[in-house]
Amino acid sequence: QARVAAELNPKNVDTWRILAVMYGYALKVSPDVAGLALNALEKATNLEPSNPIFYNQKANIYAFQGKDAEAQANYRKAIEQKPDLLLSYQNYASYLFAINKLNESIDVLASAYQYANGNIDYLLSMSSLYIRRGTKEDLIIAAALTEQTVRVDGKNINALSLLASIYELQNKDGEAVN
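Owing to the predicted nature of the structure, the values given are computational and were not obtained by experimental measurement.

Remarks on the overall build of the protein chain
When its secondary structure is counted, the protein chain shows twelve helices and zero strands. Mapped from its N terminus to its C terminus, the protein chain presents α and β elements in the order α-α-α-α-α-α-α-α-α-α-α-α. Expressed along its principal axes, the backbone C-alpha trace of the protein chain runs to roughly 65 × 30 × 30 Å. Expressed as a percentage of its 178 residues, the buried residues of the protein chain come to 43%. In the protein chain, of all internal contacts separated by at least 6 residues, the share reaching a separation of at least 24 is 43%. Roughly 9,900 Å² of accessible area belongs to the protein chain as shown, and the carbon and sulfur atoms make up 51% of that amount. In the protein chain, the 17 positive side-chain charges and the 19 negative ones have mean positions that sit 5 Å from each other.

A word on the side chain of Thr146
Assignment of secondary structure puts Thr146 in helix H10 (residues 136-152). Classification of Thr146 by relative accessible area gives buried; the value is 0%. A distance of 2.6 Å separates the side chain of Thr146 from the side chain of Ser127, its partner in a polar contact. Beyond its immediate chain neighbours, meaning those up to four positions away, Thr146 contacts Leu124, Ser127, Ala159, Leu162, Leu163 and Ile166.

With respect to the packing of helix H3 (residues 34-47) against helix H4 (residues 52-65)
With their axes 10 Å apart at the nearest point, H3 and H4 run at an angle of 160° to one another. Overall, the two elements H3 and H4 adopt an arrangement that is roughly antiparallel. The handedness of the crossing between H3 and H4 comes out as left-handed. Touching Ala34, Ala37, Leu38, Leu41, Glu42, Ala44 and Thr45 of H3 are Phe54, Tyr55, Gln57, Lys58, Ile61, Tyr62 and Gln65, all from H4.

Some thoughts on unusual backbone geometry
Residue Asn100 is not a glycine yet carries a positive backbone phi of 65°. The topology assignment puts Asn100 in the loop between helix H6 (86-98) and helix H7 (102-110). The class for Asn100 is exposed, based on a relative accessible area of 72%. Look at Asn117: it is not a glycine, yet its phi comes out positive at around 45°. With respect to the helices and strands, the residue Asn117 is situated in the loop between helix H8 (113-116) and helix H9 (120-133). Since its relative accessible area comes to 74%, Asn117 is described here as exposed.

Some points on the packing of aromatic side chains
Inspection of every chain in the model, using the stated rule, returns four aromatic pairs. On the numbers, 6.0 Å between centres and 40° between planes, the contact of Tyr75 with Tyr95 is tilted. Pair noted here: Tyr75 is in helix H5 (residues 68-81) and Tyr95 is in helix H6, with a separation of 20 residues, a long-range link. Taken as a pair, Tyr75 and Tyr95 share a single burial class, namely buried. Of the aromatic side chains, those joined through ring pairs into one cluster are Tyr75, Tyr92 and Tyr95.

Cut-off values and rules
Residue numbers here run from 1 along each chain, matching the order of that chain's written sequence. The predicted nature of this model means local features are confined to residues of pLDDT at least 70 and side-chain atom pairs, given and counted, to a pLDDT of 80 or more, with totals for whole chains, interfaces and linings taken over all residues. To obtain the side-chain values, all non-hydrogen atoms of the structure were included, while hydrogens and water were left out. Strands are runs of DSSP state E lasting at least 2 residues, helices are runs of H or I lasting at least 4, and numbering of each runs from the N terminus. Per-residue accessibility, obtained with a 1.4 Å probe over protein chains only, is compared with the maximum for each type, and a residue is labelled buried under 20%, exposed over 50%, and partly exposed between these values. Any pair of residues with heavy atoms lying within 4.5 Å of one another is described as a contacting pair. All accessibility values rest on the Shrake-Rupley procedure with a 1.4 Å probe; residue burial counts only the protein chains present in the view. The convention is simple: Lys and Arg are positive, Asp and Glu are negative, and His and the chain ends are not counted. Positions of charges follow a simple convention, taking NZ of Lys, CZ of Arg, CG of Asp or CD of Glu. By the criterion applied in these results, polar contacts are pairs of N or O atoms within 3.5 Å in which, for protein atoms, one can donate a hydrogen and the other can accept it, and in which residues neighboring in sequence qualify only through two side-chain atoms. Throughout, an axis means a line fitted to C-alpha atoms (over the contacting stretch in the case of helices), and angles, computed between N-to-C directions, take values from 0 to 180 degrees. The labels follow the angle: roughly parallel below 35 degrees, roughly antiparallel above 145, roughly perpendicular from 65 to 115, and oblique for the rest. Definitions for this section: a left-handed crossing has its near helix turned counterclockwise from the far helix by less than a right angle. A right-handed crossing has that turn clockwise. Centres within 6.5 Å are what make two rings of Phe, Tyr or Trp a pair, Trp counting through its six-membered ring; a difference in plane orientation under 30 degrees is then read as stacked, over 60 as edge-to-face, and the rest as tilted.

So, to be careful, I would describe these as geometric facts and stop short of saying anything about function.
Structure, rendered in C-alpha cells:
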C-alpha cells in the first residue's frame with residue numbers, strides 16, 4: 001500500500017523516503033527488495049538532490065549488495081552534500097573495514113574528527129579502528145580518543161573497558177586497574 005501511496009503522490013519526497021525505509025527493513029530477510037529500495041531512493045533523490053541521507057542509504061544498500069564502486073561513490077556524495085554528518089563517515093568507514101580496508105577506514109573516519117564535538121559513538125569507533133591496526137602510535141591515539149570519551153561521560157562502561165584494554169596493550173597495568 002505504501003507503493004500505491006507513492007505512485008498516487010509521486011512529487012512528495014517523504015512518501016518515497018518512507019517507502020525506501022520500509023524496503024530497507026525488509027532487505028535482510030528478502031534481498032530482492034534492494035532494487036525497489038534503490039528505486040524509491042532514486043525518486044527521493046530526484047526530488048531532493050541535496051539530501052545526504054538519501055545518498056547514505058543508497059550507499060548502504062549497494063554495500064549490502066557488494067557493489068563497491070556504487071557504495072563508495074554514494075558515501076562520498078553524502079559526505080560532499082553535508083560534510084558534518086558523522087553518520088555518513090561512520091557508515092563509510094564501517095563498510096571499508098568490512099571489506100578489509102582498515103587503513104582507508106581510519107582515513108575516512110579521521111577526516112570527520114573536526115565535526116565530532118565529543119560524539120561518543122564516533123570517538124569509540126575511531127578508537128576501535130586504531131586499536132585494530134595496533135601500532136604503538138595507534139594505541140597512543142586510541143588512548144587519547146577514549147580518554148576524551150571518558151571526559152565526556154565518565155560512567156560509560158564501554159569507554160572505561162576499552163581504555164583499560166588499551167592501557168594493558170601499552171603495558172600500563174597500573175592505569176588499567178584504575
